[in-house]
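Chain by chain, the residues run as shown.
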Amino acid sequence: MTLSQRQRIFTKNIAELICYAYSIGIELTFGEAFRTQSQVYLNFFGLRVVKGGILGAKIVKSKRLSKTLHSRHQDRLAVDFNFFIDNQLTYDFDKIKPLGDYWESLDPDNRWGGDFNQDDIENGFVDTPHFEMKRS
């Protein structure tokens, strides 16, 4: 299967996930979808760009946000969401887990970042907003 074919399946699955979220009372906004290679490096090395410096921007040390130098976001096979329940922003594992379970039920190659360990508990590297599809 080509990358383009996988991206189309991923996009359809994301549409289904969004509809399901609203049906169970979780409203969404997009966080990050596409990620450039430059952003991947910043996230991996724990850096961010802020206002300041002689050119109007400078790089400062930050929390390391990624464990990889190649993100599914680069392949357009991942998206991060912000979750709102009763108008309150939340990333609570237990509240978002029904979305993660639904996401993984849509395709065997779908993975939810809240349960990368795939053991149904909040442990290890937890990235609750993240929904991805394996490349192959």
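What comes next concerns the included structure.

Definitions and cut-offs
- Residues numbered from 1 in each chain as written.
- Predicted model: local features only at pLDDT ≥ 70, side-chain atom pairs only at ≥ 80, totals over all residues.
- Heavy atoms only, no water.
- Helix = DSSP H or I, 4+ residues; strand = E, 2+ residues; numbered from the N terminus.
- Expected span 1.5 Å × (residues − 1).
- Buried < 20%, exposed > 50% of the residue type's maximum accessible area, 1.4 Å probe, protein only.
- Contact = heavy atoms within 4.5 Å.
- Polar contact = N/O pair within 3.5 Å; in protein donor to acceptor, adjacent residues only side chain to side chain.
- Phe/Tyr/Trp six-rings, centres within 6.5 Å; stacked < 30°, edge-to-face > 60°.
- Lys NZ or Arg CZ within 6 Å of the ring centre and 35° of its normal.
- Axes fitted to C-alpha atoms, helices over the stretch in contact; angles between N-to-C directions.
- Left-handed = near helix turned anticlockwise from the far one by under 90°.
- Nonpolar A, V, L, I, M, F, W, Y, C, P; charged D, E, K, R; others polar.

1. Here we look at helix H3 (residues 93–106)
- Under the 1.5 Å per step criterion, the end-to-end length of H3 is 20 Å for 14 residues, consistent within 8% with the ideal 20 Å.
- All of the buried residues in H3 are Phe93, Ile96, Lys97, Leu99, Gly100 and Trp103.
- In this fold, the buried residues of H3 make contact with helix H1 (3–23), strand S1 (27–30), strand S4 (78–85), strand S5 (88–90), strand S6 (110–112) and strand S7 (130–133).
- One side-chain oxygen at the N-terminal end of H3 lies 3.1 Å from the backbone nitrogen of aspartate 94; it belongs to aspartate 92.

2. A word on the packing of aromatic side chains
- In the structure shown here, the tally under the stated rule is 9 aromatic pairs.
- Ring geometry for phenylalanine 10 and tryptophan 103: centres 5.7 Å apart, planes at 85 degrees, overall edge-to-face. Residue phenylalanine 10 is located in helix H1, and its partner tryptophan 103 is located in helix H3; the two are separated by 93 residues in the primary sequence.
- Ring centres of phenylalanine 81 and phenylalanine 131 lie 5.8 Å apart, and the angle between their planes is 70 degrees; on these two criteria the pair is classed as edge-to-face. Of this pair, phenylalanine 81 sits in strand S4 while phenylalanine 131 is found in strand S7, placing the two residues 50 residues apart along the sequence. The exposure classification of phenylalanine 81 matches that of phenylalanine 131, with both residues buried.
- Note that arginine 64 overlies the ring of phenylalanine 44, its terminal NZ or CZ placed 4.3 Å from the centroid.
- For arginine 76, the ring lying beneath its charged end belongs to phenylalanine 34, and the centroid distance is 4.0 Å.

3. Focus on unusual backbone geometry
- Even without glycine at this site, arginine 76 takes up a positive phi of about 60 degrees.
- Mapped onto the fold, arginine 76 is located in the loop between strand S3 (57–61) and S4.
- The phi dihedral of aspartate 120 is positive, around 65 degrees, even though this residue is not glycine.
- With respect to the element layout, aspartate 120 can be found in the loop between S6 and S7.

4. A short note on the environment of glycine 114
- Here glycine 114 is to be found in the loop between S6 and S7.
- Judged by its relative accessible area of 0%, glycine 114 is buried.
- Between the alpha carbons of glycine 114 and leucine 99 there is a distance of 9.9 Å; along the sequence they are 15 residues apart.
- Not counting the four nearest positions on each side in its chain, glycine 114 is found in contact with Phe93, Val126, Asp127 and Thr128.

5. Focus on the packing of H1 against H3
- Interhelical geometry of H1 versus H3 gives an angle of 145 degrees and a closest axis separation of 10 Å. Of the two possible hands of crossing, H1 and H3 adopt the one that is right-handed. Note on element contacts: H3 touches H1 through Pro98, Leu99, Tyr102, Trp103 and Leu106, opposite Phe10, Asn13, Ile14, Glu16, Leu17, Tyr20 and Ala21.
- Class assignment of the residues belonging to the contact of H1 with H3 gives a composition of 10 nonpolar, 1 polar and 1 charged.

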